[in-house]
Amino acid sequence: MLSDHDFLRYSRQIMLPLCGELGIKTLAKARVVVIGAGGLATVVAPYLVGAGVGYLRLCDDDIVSVSNLPRQWLYSPAHIGQQKVRVMAAQLKALQPAAQVEAIPEYADNSNLCRLMSGADLVLDCSDNMTTRQLVNAYAMDAGVALVSAAAIGLHAQAAAFQPSLCGPHGNHGCYRCLYPIDSQRAGNCQSEGVLGPMVGMAGCYQAALALRILLGDPNVPWSQLWRLDSTLGEHQLLRIQPDPSCSVCGHVSHSNASSDDSSIPNSGV
Amino acid sequence: MQILINQRPIHCTSHDTLDSVLNVFAQGSGVDINDIAVAADNTVIPRSQWATYALTANASFSVFVAVAGG
Ligand SMILES: [Zn+2]
C-alpha cells in the first residue's frame, strides 16, 4: 500500500494504465545510471526523480560554467565553478527527498564504466561526445543493461532505446554502433557546432519518457528505433535500426555469452 | 536513372552504388562521409552494406548526420 502522501503525490501517474499503484512501487525500486550531467541530464534526471525513481547515479566530472546556463536550467549563476553532479544531486534531493541520488565526479571511460554501471536496471547516455557514446553502448551491451541514448546539436535532436538481449544477428535489432560505426571524437558535438537549448530539452524529454516506459515494463517500447527531429526542415522520423552483421559490438557475439567474453569490449580507438 | 536523397533528385548510373552516391552527396554538402547515416523505407542501412546496396530507379533515401552533443 502506498502512503496517503505518495498516493496524492503520484495521483496523475497512478491514473495511467501503464503505471497504477504497482508502477509507483516498481519505480521506487529502480536503479538508473546517468552518464553526463549536462543539458540532457538536467531534463531527464528531474523527470525521473519526480516520477518516483528511487535511485539515480550521476556520473560526470564537469563543473558548471557560464556557457551552460542557457539550457542546463538546474544550474544558476551561483553554481558556477561547482561540480555539476553535486549541484544536481542537491537539486534532485530537494525535489524528492525520498530519492537516493549518488553523485560520482568522474568522466565515464574504459577504466570505470563497469563500476559505474554495476547494479543498474537502465543506463541513460546523456554524454556530449561520440567516444563516450560508443563506450557506453559497448559496456551496456556487454553487461546486458538496457540503454537509452539521446543527443542534440544545432536544430537537431535524436534518441533511441536499446535492449541488449534483442540486439545482434539473433535478435534482429541493431545497437548504437550498428547505427553509427563512428570513432571520430569530433562528430557532432555542441562545443564545435552550437545548439539551440530547446533541442536538448526535447531530446531529454523523449529520453525521459522512454526511460519511464522501460522501467514500467511497457510492452510497446520502440527498441532500436531512432527518433530524429530536424527543426530546420520541421521533419520528424522514426527509423528502424537493423543489426549490422559486421558490428564490432553486437555483430559477432550473442548476448547470452557476452559476459564471459571480455574481448567483446572494444579497447581500441578510444 | 534518378534517385532521391532528402527529397532532392540525384542522377546516377547503373555502375553507381549507394556508397559512391553518398560520397558525392557528402562532398557536395560539406559533411564528412564518416559522420552520416542513411535510411530507406524507414530503416537505417548499415554502413557495411553501402557498397553492395542495389540502387533502383526512384528509390528514396534519407541522409542525416550523427548527433552526439548533449
Ligand atoms: Zn551493433
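This text follows the structure it describes.
Bear in mind the structure is a predicted one, so any value in this text is a computation, not a measurement. (Residues numbered from 1 in each chain as written. Chains lettered and ligands numbered in written order. Predicted model: local features only at pLDDT ≥ 70, side-chain atom pairs only at ≥ 80, totals over all residues. Heavy atoms only, no water.)

> Explanation requested: the interface of chain B and chain A in the structure shown.
Buried accessible area, meaning the area lost when the parts come together, often serves as the stated size of an interface. In this complex, chain B contributes 22 residues to the contact, which on the side of chain A involves 40 residues. Interface area, chain B with chain A, both sides summed: about 2200 Å², of which 55% is carbon and sulfur. The three residues of chain B that bury the most area against chain A are V67(B), A68(B) and G70(B), which together make up 30% of that side's buried surface. The tally of links between chain B and chain A comes to zero salt bridges. Linking chain B with chain A are 13 residue pairs in polar contact (both at pLDDT 80 or more). Listed by contribution, the elements that provide at least two residues to the side of chain B that touches chain A are β3 (36-40), β4 (43-44) and β5 (60-65) of chain B. Counting residues per element, the side of chain B that touches chain A draws most heavily on β5(B), which supplies three residues. In this sheet, β4(B) lies alongside strand β8 (residues 235-241) of chain A in parallel orientation, the contact comprising two bridges. Residue pairing across strands places R240(A) opposite T43(B), the latter belonging to β4(B). (Contact = heavy atoms within 4.5 Å. Buried area = accessible area lost by both parts, 1.4 Å probe. Salt bridge = Lys/Arg side-chain N within 4 Å of Asp/Glu carboxyl O. Polar contact = N/O pair within 3.5 Å; in protein donor to acceptor, adjacent residues only side chain to side chain. Helix = DSSP H or I, 4+ residues; strand = E, 2+ residues; numbered from the N terminus. Pairing = 2+ DSSP bridges.)

> Where do I start with helix α1 (residues 18-29) of chain B in this structure?
Spacing of three or four residues puts side chains on the same side of an α-helix, whose turn is 3.6 residues. All names here are of chain B. Helix length check: α1, at twelve residues, gives a terminal C-alpha distance of 16 Å against a target of 16 Å (1.5 Å per residue), a fit within 8%. L18, V21, L22, F25 and A26 are the residues of α1 that are buried. On an axial view of α1, the arc spanned by its buried residues comes to 135°, and they lie on one face. Turned more than 90 degrees away from the buried face of α1 sit V24, Q27 and G28, all of them exposed. The elements touched by buried residues of α1 are β1 (2-5), β2 (8-11), β3 and β5. In the segment just after α1, G30 is the residue with positive phi, at about 70°. (Expected span 1.5 Å × (residues − 1). Buried < 20%, exposed > 50% of the residue type's maximum accessible area, 1.4 Å probe, protein only. Arc of directions from axis to C-beta.)

> I'm lost on the coordination of the zinc ion in this one. Help?
The textbook angles at a metal center are 109.5 degrees for a tetrahedron of four donors and 90 or 180 degrees for an octahedron of six. Protein-derived coordination of the zinc ion comes from C175(A) (SG), C178(A) (SG), C247(A) (SG) and C250(A) (SG), at a distance range of 2.2 to 2.3 Å. Here the zinc ion is ringed by four donor atoms whose angles at the metal span 92 to 121°, and the overall shape comes out tetrahedral. (Donors = N, O, S within 2.8 Å, 3.2 Å for Na, K, Ca; no water. Tetrahedral: all angles 85-135°; square planar, octahedral: opposite > 155°, others 65-115°.)

> Sorry, what's going on with the pairing of β2(B) here?
One face of the sheet, then the other: side chains in a regular strand alternate in exactly this way. Residue and element names in this part refer to chain B. Inspection of the sheet shows β1 paired to β2 by four bridges, in the antiparallel sense. By the bridge assignment, I5 is partnered in β2 with R8. With antiparallel pairing between neighbouring strands as the criterion, β1 and β2 make up a hairpin whose turn holds two residues, including N6 at a positive phi of roughly 50°.

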